[in-house]
Amino acid sequence: MIKVAVLGYGTVGSGIVEVINTNKDLIAKRVGEEIEVAYVLDLRDFPGDPVEKILVHDVDVIMNDPSVSIVAEAMGGVEPAYTFAKRAIESGKSFCTSNKELVAKHGAKLIAMAKEHNVNFLFEASVGGGIPIIRPLIHSISPENVVEVSGILNGTTNYILTKMTKEGLDFDSVLKDAQDKGFAERNPEADIEGYDACRKIAILASLAFGAQVDFEDIHTEGISKITDKDIEYAKAMGMAIKLIGSAKNEEGKISAMVAPMLVGPESSLYAVNDVFNAITVTGNTLSDVMFYGKGAGKLPTASAVVSDIIEEAKNLNRNIRIVWEEEKINLSAFEDINNRFFVRLSGNDKLNEDKVKEVFGDVKVVSCDLIKDEYAFTTKVLSEGVFADKTKEFDNVVNVIRIK
Ligand code: HSE
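Being a predicted model, the structure only gives us computed values, none of them experimental. (Residues numbered from 1 in each chain as written. Predicted model: local features only at pLDDT ≥ 70, side-chain atom pairs only at ≥ 80, totals over all residues. Heavy atoms only, no water.)

## Considerations on the packing of helix 1 (residues 11–22) against helix 12 (residues 298–314)
Next, step 1: Two numbers describe how helix 1 lies on helix 12: the axes approach to 8 Å, and their chain directions differ by 65°. For the crossing formed where helix 1 meets helix 12, the hand is right-handed. On helix 12, the residues that touch T11, V12, S14, G15, I16, E18, V19 and I20 of helix 1 are K298, L299, T301, A302, S303, V305, V306 and I309.
Next, step 2: Residue classes in the contact of helix 1 with helix 12 are distributed as nine nonpolar, five polar and two charged. (Axes fitted to C-alpha atoms, helices over the stretch in contact; angles between N-to-C directions. Helix = DSSP H or I, 4+ residues; strand = E, 2+ residues; numbered from the N terminus. Left-handed = near helix turned anticlockwise from the far one by under 90°. Contact = heavy atoms within 4.5 Å. Nonpolar A, V, L, I, M, F, W, Y, C, P; charged D, E, K, R; others polar.)

## Thoughts on the site of the ligand
Next, step 1: Residues in close proximity to the ligand include K100, N154, G155, T156, D191, D196, K200 and A296, which together make up its full environment.
Next, step 2: T156 is positioned such that a nitrogen or oxygen atom in its side chain is 2.5 Å from an oxygen atom of the ligand.
Next, step 3: Notes on the ligand: free accessible area 260 Å², of which the protein chains cover 79%.
Next, step 4: Mapping the ligand onto the cavity grids shows that it belongs to the largest pocket. (Near = heavy atom within 4 Å. Polar contact = N/O pair within 3.5 Å; in protein donor to acceptor, adjacent residues only side chain to side chain. Areas by Shrake-Rupley, 256 points an atom, 1.4 Å probe, with all protein chains shown as cover. 1 Å grid on protein atoms, 1.4 Å probe; cavity = no way out; pocket = protein on both sides within 12 Å on 5 of 7 lines; lining within 4 Å. Sits in = over half its atoms within 2 Å of the grid points.)

## Considerations on the domain arrangement of the protein
Next, step 1: Each domain of the protein was delimited in the assignment, giving domain 1 (2–130 + 298–328), domain 2 (144–293) and domain 3 (334–403).
Next, step 2: Computed from C-alpha atoms alone, the centre-to-centre distance between domain 2 and domain 3 is 22 Å.
Next, step 3: Interface area, domain 2 with domain 3, both sides summed: about 1,600 Å², of which 68% is carbon and sulfur.
Next, step 4: Joining domain 2 to domain 3, the criterion identifies two salt bridges.
Next, step 5: The partner of R402 in a salt bridge is E221, with the nearest N and O atoms 3.1 Å apart.
Next, step 6: Sorting the residues of the side of domain 2 that touches domain 3 by element identifies helix 11 (228–236) and strand 11 (253–263) as the ones contributing at least two each.
Next, step 7: The element that contributes the greatest number of residues to the side of domain 2 that touches domain 3 is strand 11, accounting for seven residues. (Domains from an automatic or database assignment. Buried area = accessible area lost by both parts, 1.4 Å probe. Salt bridge = Lys/Arg side-chain N within 4 Å of Asp/Glu carboxyl O.)

Following this line, the structure appears as structure tokens:
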């Protein structure tokens, strides 16, 4: 019997208990031993809930019980999760988590500590919910020199952009609808401003490139400035707007960013809609592989945490090697990142046309039947710095969206 403690009995925590109980026999077969949830830690009481009997309010009970081999955390936030993770590992317990804030901030340190104490720190559910992406990056893609990892990493924003595209609605009404349906948080800032995707791409980049990528260093833009007119232009170009997190290794220069981007039908991300996430990894010999599925939700996320519990149960007293050094990668300056840009200027006149030609040279003009009072175009590949300098020449920029 392998004893597990679950920290946090919210959406994901209760899902972990449910997945373990639902698939108990099958999990026992796969591990070779039964997994039992011995404790659930939460500040709240749950009268009438089956976990009432194993509910504790004091983490010391778990940390001081040597029969607990694995601690699964689903509380969210950096503290007290980080303190609990360190204590568990120092007590010789393996730790797994769905907490992207914790992993992005302290993943490298916790991996090193787990190695030192011959236990494991795993975090499959921290990116992409139920999509297996972390373990494939550690194991299956291990022969590869990763050139790029990028994708749609946030379900809430993908739902909003999909609804705006399919139903022609504006951002605010779709956000309200998503909140009413429980898809979007009451405080949706972390999702819509890209902070959630930023932490996820920082985790993926750290694993892909083997050392710490600080999320604070990643240029991040959300979708709150995307309007229904941008969506109309995207449709006119036969493209879709997606919030993309991407990290690239171009001849040793590593760059990362999060921003809404126009993607064309040739991209595997074009048809990824609603709350689905998708991540593509490009390896130097493998070429492209794509991981697709539900990036959020109680049971898909809980299933990913339970997959870590199973992995840890199969590897008690054996550290699984994960290469994510604590040493920080210095990302390329944002100004040096190359992109193509779609630009909207107010006023559809000859003045715009002449000035755009003078400043940007040859561009591709974009017309949209529904919008008559603007001049829109796409640029060639330019560095962010050069593009910013050129756009300073214009005081009538309505919006800019990058093209993937
Ligand atoms: N809020 C996240 C999303 C789910 O909308 O994708 C948890 O990572």
